[in-house]
Amino acid sequence: MVNLTPEQREVGQHNYYSAVTEYERRMSRRDFMWRSIIAGGATAAGVGAMYFGYNQPSDPVNVAVIGTGDEGSVLMGAINPDYVTVKAICDIRPSSIHRAFHGDWSSNNAKKVRPGLMDVYGWNTEDEARRNVKVYTDWQECVRDPDIQGVIIATPLFLHAPMAVAAMNAGKHVLCEKLMAHNVPQCKLMCRAAAENGAFLSVGHQRHYSILYDNAVNLIEWGLLGELHHIRAQWHRGNLPGSDSWCVPMPGGELSRRLDRNGNPIRVDKIMSDVRSFERQIADLNEDSSSDRRDILKLRAKMAQWLAMDADREVDAARYGYIDDHEVYGEGRTRTALEELIRWRLWDRTGGGLMAELGSHQLDAASIFISALGKKTGKHVHPLTVHAVGGRHTFPQDRDAEDHVYCMFEFPGQGYDYDFDVGYDDVVNNYPDTERGIPSYDEVNDKKIVVSYSSINGNGYGGYGEIVMGSKGTLILDREKEALLYKKSDTYAKAGVKPKGGSAVLDTSASGDAAPAQAAQSGPVSRGYREEIEHWAWCIASGSPDNQPRCNGPIALADATIALTAKQAIKNSQRRGGHGFIQFEHGWFDPDSNECPEATSIEEANRLFQQEMQNLKMS
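Residues numbered from 1 in each chain as written. Predicted model: local features only at pLDDT ≥ 70, side-chain atom pairs only at ≥ 80, totals over all residues. Heavy atoms only, no water.

1. Overview of the sheet that holds strand 12 (residues 385–391)
Definition in use: For two strands to be treated as a pair, DSSP must find no fewer than two bridges joining them. Only DSSP runs of H or I with at least four residues qualify as helices, and only runs of E with at least two residues qualify as strands; both kinds are numbered from the N terminus onward. Fitting a line to C-alpha atoms yields each axis, with helices limited to the stretch in contact; the angle taken between N-to-C directions then spans 0 to 180 degrees.
Taken together, the eight strands give an open sheet; going across it, the order is 17-16-15-7-14-13-12-20, and neighbouring strands pair in mixed fashion. Lying at the two open borders of the sheet, with one neighbouring strand each, are strand 17 (482–487) and strand 20 (581–583). In this sheet, adjacent strand axes meet at a mean angle of 15° when their direction is disregarded. Here strand 15 (residues 464–470) pairs with strand 16 (residues 473–478) via five bridges, running antiparallel. Paired with Glu466 across the two strands is Leu477, which belongs to strand 16.

Structure below.
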């Protein structure tokens, strides 16, 4: 995220941990938890429950997982069997079903975050796993399963709302991956379905369950950063044409730009080419060697996964709502329904591009940080405006999704006067005018916080994270793994915390004790997936409407509205004579209002809602 020396990072870590230690001492909230963790009295699996204040259900909640691909497998890998029992999975791709049971063997890290249900529940064979888990290809049949209490949805974005609403209408609770839905009307209909059915609806913005981020919120609320001015967020990736994580290999191969001696395009089948490579590697190993046997097992597991990927070619994607498109590529190339299924993130009809897949996470974090300036209400502070541009600067015209986006948001600062609806120039250039309702400049709180966000492909410098800048300090959240805290912009001075009035300040004359917090947070930092599933399960088991997921429907609606409005601003900027500036409306964030950024009038909004409601009934 930033270019810091090891010494500067060590200073930032010390300042952060000493501030967290002092905060907890003064608030006297988690001393018992810290003592338990440091003494070994709490396992890593139990820290979330102790920290966020939930309990283990008396019986695990029975759930189905619909969509067992990349994100679905991550969520299954984060499951705590004491909280959740996976009774069913649903997917239309053989590769996703295979990965759901066996895990992802594409790399050591992939296997770690996507271990598969056999590892999660200790089943020795797929046959044993299938005796415990039903396998569906029809999601509508799955949500009607009477054995299921809750449904985890991790499908392509355009299917979130139809599946979630159907599940809640069938009496199920829902944990849906982010982005909440494909458009704002769909998000609001999900919120209404949850309210009408008394369902616990949780949406997977997992930073709400990150202890690292929650501690950051506490320090901001405590006043250590002073008055916030600016938040800089980014998610930069090195994806390039030919090496793009969103453009995964197609089963059966595809025609390349290379030509054979007869001038015809050469078909490249990367999946089966890899399978043949695995076979050669296995043949070169010695089964009598223990180290070679381990390598052989890994290669065979990879080969089985790749063969399952090749079997995806048999999926009739059009039967499940995916479509052929003859207008996408140009140069005579078309996109099949199968490609839309496998590469769904590339298309506006099925996905939401960079703002939905990446930007929504960090704008959610920015909203959480800004909301911390006031009292914790469980609601986001909503942005006032967005100015955004973007486009395909690196990739060819083989997709809808932009590969570069740049956004600038204005959020209200502390004490911002929402009732003042007159332009800044009127205040500055005019005397007070009581008849026109124009106050003097001194009478208006026009303070704003600017949040800048960029997501690019082609150069991954800086990775991803957020930098929060205030009048007294700077806080860096790097890759959801590390927090660094500095007094103002000084990255070299160690600082402790001194009380000042009702808040606190960083002070270089106070050394600070970083040891307790550092010891309590030793080991791998949880990104919050496990905790969000545990808390959702606890809410279901409790049955009390007073217990709500930390990222429930209205909060997730706000995140989706921010991301989708920025996406619309980018589209506007690409039109001749258009501009990428949009002012947010309060009604867009209200689940009970039909106002939405996709409509320019309430009449048009009402028509969109009627259309979406009809689409949901037909699903």
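2. A word on the side chain of Lys178
The test is simple: Exposed residues in this analysis have more than 50% of their type's maximum accessible area, buried residues have under 20%, and partly exposed residues fall in between, with area computed by a 1.4 Å probe over protein chains only. Here a residue-residue contact requires only that any non-hydrogen atoms of the pair lie within 4.5 Å.
Take Lys178: it is sitting in the loop between strand 5 (173–176) and helix 11 (184–197). In this structure Lys178 comes out as buried when scored by relative accessible area, which is 9%. Residues contacting Lys178, with those up to four places away along its chain left out, are His160, Val203, Gly204, His205, Ala356, Glu357, Ser360 and His361.

3. Digging into unusual backbone geometry
Here the bond from Lys178 into Leu179 is cis, since omega is -15°, no more than 30 degrees from zero. Topologically, Leu179 is positioned in the loop between strand 5 and helix 11. Here the phi dihedral of Lys488 falls at roughly 50°; this positive angle occurs in a residue that is not glycine. For Lys488, the position within the fold is in the loop between strand 17 and strand 18 (496–500).

4. Concerning the environment of Gln186
Within the secondary structure layout, Gln186 lies in helix 11. The contact partners of Gln186, leaving out residues within four places of it in the chain, are Ala161, Ala181 and Glu612.

5. A short note on the packing of helix 11 against helix 21 (residues 602–618)
Heads up, the condition is: Each crossing is labelled by how the near helix is turned from the far one, with a counterclockwise turn of less than a right angle marking it left-handed and a clockwise turn marking it right-handed. Residues are grouped as follows: nonpolar covers Ala, Val, Leu, Ile, Met, Phe, Trp, Tyr, Cys and Pro; charged covers Asp, Glu, Lys and Arg; every other residue, Gly included, is treated as polar.
Following both chains from N to C, one finds helix 11 and helix 21 inclined at 65°, their axes separated by 10 Å at the closest point. Once helix 11 is placed against helix 21, the crossing between them reads as right-handed. Along its contact with helix 11, which presents Pro185, Gln186, Lys188, Leu189 and Arg192, the element helix 21 presents Phe609, Glu612, Met613 and Leu616. Residues belonging to the contact of helix 11 with helix 21 are distributed by class as follows: five nonpolar, one polar and three charged.

6. Things to note about the packing of helix 13 (residues 270–283) against helix 14 (residues 290–311)
Test applied: When an angle is under 35 degrees it counts as roughly parallel; over 145 it counts as roughly antiparallel; between 65 and 115 it counts as roughly perpendicular; any other value is oblique.
Between helix 13 and helix 14, the least distance of the axes is 9 Å, while the angle of their chain directions is 160°. Between helix 13 and helix 14, the crossing angle belongs to the class labelled roughly antiparallel. Once helix 13 is placed against helix 14, the crossing between them reads as left-handed. Residues Ile271, Met272, Asp274, Val275, Phe278, Glu279, Gln281 and Ile282 of helix 13 form the contact with helix 14, whose own contacting residues are Ile296, Leu299, Arg300, Lys302, Met303, Trp306, Leu307, Met309 and Asp310. When grouped by side-chain class, the residues that make up the contact of helix 13 with helix 14 number eleven nonpolar, one polar and five charged.

7. What to know about the nonpolar core
The cut-off we apply is this: Think of a nonpolar core as a cluster: buried Ala, Val, Leu, Ile, Met, Phe, Trp, Tyr and Cys residues, connected wherever their side-chain atoms sit within 4.5 Å.
Among the nonpolar cores identified, the biggest contains 121 residues, and Met180, Met190, Phe369 and Phe409 are the most heavily contacted of them. What Phe409 contacts, discounting residues up to four positions off in sequence, is Leu363, Pro383, Thr385, Val386, Ile449, Val450, Val451, Ile562, Ala566 and Phe584. Counting residues in hydrophobic clusters, the runner-up holds 40 residues, among them Val65, Ile97, Phe101 and Val133.

8. Some remarks on helix 12 (residues 211–222)
Quick note on the threshold: The span you would expect from a helix comes to 1.5 Å times its residue count less one.
Its twelve residues give helix 12 an end-to-end C-alpha distance of 16 Å, which sits within 8% of 16 Å, the value for a rise of 1.5 Å per residue. In terms of burial, helix 12 is a largely internal element, eleven of the twelve residues being buried. For helix 12, every residue scored as buried is listed here: Ile211, Leu212, Tyr213, Asp214, Asn215, Ala216, Val217, Asn218, Leu219, Ile220 and Trp222. The first or second residue beyond helix 12 is Gly223, which carries a positive phi of 100°.

9. A short note on the sheet that holds strand 5
Taken in spatial order, the six strands of this open sheet run 3-2-1-4-5-6, and their pairing is parallel. Taken across any chain shown, the strands that pair with only one partner, and hence form the sheet edges, are strand 3 (134–136) and strand 6 (201–203). Between one strand axis and the next, the sheet turns by 25° as a mean value, whatever way the strands run. Sheet analysis places strand 1 (residues 61–66) next to strand 2 (residues 84–90), joined by six bridges and oriented parallel. The partner of Ala64 across the bridge, within strand 2, is Ala88.

10. Digging into the pattern of salt bridges
Keep this limit in mind: For salt bridges, the criterion is a side-chain nitrogen of Lys or Arg within 4 Å of an Asp or Glu carboxyl oxygen.
Counted under the stated rule, the structure contains 37 salt bridges. Across the pair Lys494 and Glu10 runs a salt bridge, and its minimum N-O distance is 3.3 Å. Of this pair, Lys494 sits in the loop between strand 17 and strand 18 while Glu10 sits in helix 1 (residues 6–27); the two residues are 484 residues apart in sequence, bridging distant segments of the chain. On the accessibility criterion, Lys494 (39% relative accessible area) is partly exposed. By relative accessible area, Glu10 is classed as partly exposed at 37%. Here Glu254 ties to Arg343 by a salt bridge, and the two come within 2.7 Å at their closest N and O atoms. With Glu254 in strand 8 (residues 254–259) and Arg343 in the loop between helix 15 (337–342) and helix 16 (353–371), the pair connects residues that are 89 residues apart, well separated along the chain. Its relative accessible area of 3% is what places Arg343 among the buried residues. A single salt-bridge network, built from bridges that share partners, covers Arg9, Asp478, Arg479 and Glu482.

11. Description of the packing of aromatic side chains
Threshold: Note on ring pairs: Phe, Tyr and Trp rings are taken, using the six-membered ring of Trp, and paired if centres are within 6.5 Å. Classes follow the plane angle, with under 30 degrees stacked, over 60 edge-to-face and the rest tilted.
By the definition in use, this model includes 13 aromatic pairs. Centroid distance Tyr51 to Phe52: 4.9 Å. Interplanar angle 70°. Geometry classified as edge-to-face. Considering the side-chain rings of Phe278 and Trp306, the 5.3 Å spacing of their centres and the 85° angle between planes classify their relative orientation as edge-to-face. Taken together, the positions of Phe278 in helix 13 and Trp306 in helix 14 put the pair 28 residues apart, joining distant regions of the chain. With respect to class, Phe278 is no different from Trp306; both count as buried. In textbook terms, an aromatic cluster arises when at least three aromatic residues are bridged by ring pairs, as seen for Tyr51, Phe52 and Tyr209.

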